[in-house]
Amino acid sequence: MTELQEVQITEEKPLLPGQTPEMAKEAELAARILLDRGQTHSVETPYGSVTFTVYGTPKPKRPAILTYHDVGLNYKSCFQPLFQSGDMQEIIQNFVRVHVDAPGMEEGAPVYPVGYQYPSLDQLADTIPCILQYLNFSSIIGVGVGAGAYILSRYALNHQDTVEGLVLINIDPNAKGWMDWAAHKLTGLTSSIPEMILAHLFSQEELSGNSELIQKYRNIISHAPNLENIELYWNSYNNRRDLNFERGGDITLKCPVMLVVGDQAPHEDAVVECNSKLDPTQTSFLKMADSGGQPQLTQPGKLTEAFKYFLQGMGYMASSCMTRLSRSRTASLTSAASIDGSRSRARTLSQSSESGTLPSGTPGHTMEVSC
């Protein structure tokens, strides 16, 4: 008798006429994103109702990624290009994420009445425990931009045990000085609120170039139905208190931090100063070339790769495959520590115009990574 042989048959999804495997993969990704619309919730806090949207399901022994947006934006206009990029899909498959909208910034938000007392940034930070309690989440990795970066930093100072890491884009930890106030008042006499907010979000070079991105966000802010609410958030940002970071002092961020800013961005000096005040063994500094004022919008792929390295340094996604940083030749990252898998690993990143490789090293040595 002829010996029977076991044959494995693998079912493959048929391609549509004229469709390449790459096109099929992109279509599958688009479909997954379309289906994952997230669940929107609202929770009452001592400072009013706060709306947030949850994507994914909680993963055992993993924190949630919680984002907080900048002035003039909501979570979609601030973070959607980043979290919908193909490079980010590996991350969002491994973490549940919570996108917080500042009060009155969510889509369809009613306009607050004249005289409404909008929360300060410190008070907005105090609403985050209400969100985590509602969701029964015990810890987060925060990702904030501008005002959102300040809010997450203030929260981390007050709730250190619940914050495993922070990615702070365009953070200004300082209160406005007298000179800043004078300049702000003078600008207010000649510029509209949307124009002042645009100058906060983007560099002068970007605004002068008036690219499609600038035109898009100028239109979003100028024609926002909740522009009065946006102005209230803007005023709270301009009235922020000094975070009083002090290297080696009691007031500092105890978790791993990645500071991010674009080259020639409006907040470049503020982020550099913030880096000088934080613990160098816990802080990474990423200065991104050719990214303008909003690197999460203009360079989502490069920022995602840096985020993956940051997560690996915290002990997550150890098997993640890095591709973009090794093949691109546009810039390089310099790191001041090795990738040792420890969550307390020291790392300082900066970006230059040279390409390089990723050698092993010890804390205090530098590594060049092209990105």
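See above for the structure.
The shown structure was predicted, so the numbers you read here are calculated from the model rather than taken from an experiment.

## Concerning the overall build of the protein
1) Next: Summing up its helical and strand segments, the protein has 15 helices and 11 strands in all.
2) Next: Within the span of the protein, comprising 371 residues, buried residues form 51% of the whole.
3) Next: For the protein, long-range pairs separated by at least 24 residues make up 73% of all intrachain contacts whose partners lie at least 6 apart in sequence.
4) Next: Carbon together with sulfur atoms contributes 52% to the accessible area of the protein, which is approximately 18200 Å² in total.

## A short note on helix H8 (residues 193-201)
1) Next: With 7 of 9 residues buried, H8 lies mostly within the body of the structure.
2) Next: Among the residues making up H8, those that are buried are Ile 193, Pro 194, Met 196, Ile 197, Leu 198, His 200 and Leu 201.

## Here we look at the sheet that holds strand S4 (residues 97-101)
1) Next: On the basis of which strands lie adjacent, the open sheet formed by 8 strands has the order S1-S2-S4-S3-S5-S6-S7-S8 and mixed pairing. Each of the sheet's edge strands pairs with one partner strand only, and the pair in question is strand S1 (39-45) and strand S8 (283-288). Each adjacent strand pair in this sheet contributes to an overall mean axis angle of 20°, direction not counted.
2) Next: In terms of strand pairing, strand S7 (residues 257-262) meets S8 through 6 bridges, oriented parallel. Its bridge partner being in S8, Val 260 is matched across the sheet by Leu 286.
3) Next: Contacts between helix H5 (residues 128-135) and the sheet are confined to S1, strand S2 (48-55), strand S3 (64-68), S4 and strand S5 (140-145), with S1 contributing the most and set at about 125° to the helix.
4) Next: In the packing of helix H12 (residues 268-277) onto the sheet, the strands contacted are S7 and S8, and the crossing angle to S7 comes to about 155°.

## Regarding the packing of aromatic side chains
1) Next: Taken as a whole and assessed by the stated rule, the structure comprises 9 aromatic pairs.
2) Next: Seen in terms of ring centroids, Phe 52 and Tyr 134 are 5.7 Å apart; in terms of plane orientation they differ by 80°. Their pairing is edge-to-face. Of the two residues, Phe 52 is situated in strand S2 and Tyr 134 in helix H5; the sequence distance between them amounts to 82 residues.
3) Next: Overall, Phe 52 belongs to the buried group, its relative accessible area being 0%.
4) Next: Judged by centre distance (6.2 Å) and plane angle (70°), the rings of Phe 79 and Phe 83 are edge-to-face. Of this pair, Phe 79 and Phe 83 are both found in helix H2 (residues 75-83), 4 residues apart, which corresponds to roughly one turn of the helix.
5) Next: Exposure remark for Phe 83: the relative accessible area of 3% places this residue in the buried category.

## A word on the pairing of strand S6 (residues 163-169)
Put simply, side chains in a regular strand alternate between the two faces of the sheet.
1) Next: Across the 7 residues that make up S6, a large majority, 6, are buried.
2) Next: By the bridge criterion, 6 bridges tie S5 to S6 in an arrangement that is parallel. Bridge pairing links Val 145 to Ile 169 in S6.
3) Next: After leaving S5, the chain enters helix H6 (residues 147-158) and then returns to the sheet as S6, a path that is right-handed.

## Observations concerning the nonpolar core
1) Next: In terms of nonpolar packing, the biggest core is built from 92 residues, with Val 98, Leu 166, Tyr 233, Leu 253, Leu 259 and Phe 307 touching the most fellow members.
2) Next: Among the elements that make up this core, the one with the highest residue count is H6 (8 residues).
3) Next: Every residue in contact with Phe 307, bar those within four places of it in the chain, is listed here: Ile 65, Met 88, Ile 91, Ile 141, Val 143, Val 167 and Met 258.

## Details of the packing of H8 against helix H11 (residues 227-238)
1) Next: One can describe the packing of H8 onto H11 by two numbers: an axis separation of 11 Å at closest approach and a directional angle of 50°. Regarding the angle of H8 to H11, the classification is oblique. Relative to H11, the crossing made by H8 is left-handed. Listed contacts from H11 to Ile 193, Pro 194, Met 196, Ile 197 and His 200 of H8 are Leu 227, Ile 230, Glu 231, Trp 234 and Tyr 237.
2) Next: Broken down by class, the residue content of the contact of H8 with H11 amounts to 8 nonpolar, 1 polar and 1 charged.

## Remarks on the side chain of Asp 172
1) Next: Its location among the elements puts Asp 172 in the loop between S6 and helix H7 (178-190).
2) Next: Looking at Asp 172, the relative accessible area reads 15%, which means it is buried.
3) Next: Looking at Asp 172, its side chain comes within polar contact range of the main-chain nitrogen of Asn 174, at 3.1 Å.
4) Next: Within the local environment of Asp 172, its side chain forms a polar contact with the side chain of Arg 240, the two groups lying 3.0 Å apart.

Parameters at a glance
- Residues numbered from 1 in each chain as written.
- Predicted model: local features only at pLDDT ≥ 70, side-chain atom pairs only at ≥ 80, totals over all residues.
- Heavy atoms only, no water.
- Helix = DSSP H or I, 4+ residues; strand = E, 2+ residues; numbered from the N terminus.
- Buried < 20%, exposed > 50% of the residue type's maximum accessible area, 1.4 Å probe, protein only.
- Contact = heavy atoms within 4.5 Å.
- Areas by Shrake-Rupley, 256 points an atom, 1.4 Å probe, with all protein chains shown as cover.
- Pairing = 2+ DSSP bridges.
- Axes fitted to C-alpha atoms, helices over the stretch in contact; angles between N-to-C directions.
- Phe/Tyr/Trp six-rings, centres within 6.5 Å; stacked < 30°, edge-to-face > 60°.
- Right-handed = clockwise from strand over helix to strand, strands pointing away.
- Core = buried A, V, L, I, M, F, W, Y, C linked by side-chain atoms within 4.5 Å.
- Parallel < 35°, antiparallel > 145°, perpendicular 65-115°, else oblique.
- Left-handed = near helix turned anticlockwise from the far one by under 90°.
- Nonpolar A, V, L, I, M, F, W, Y, C, P; charged D, E, K, R; others polar.
- Polar contact = N/O pair within 3.5 Å; in protein donor to acceptor, adjacent residues only side chain to side chain.

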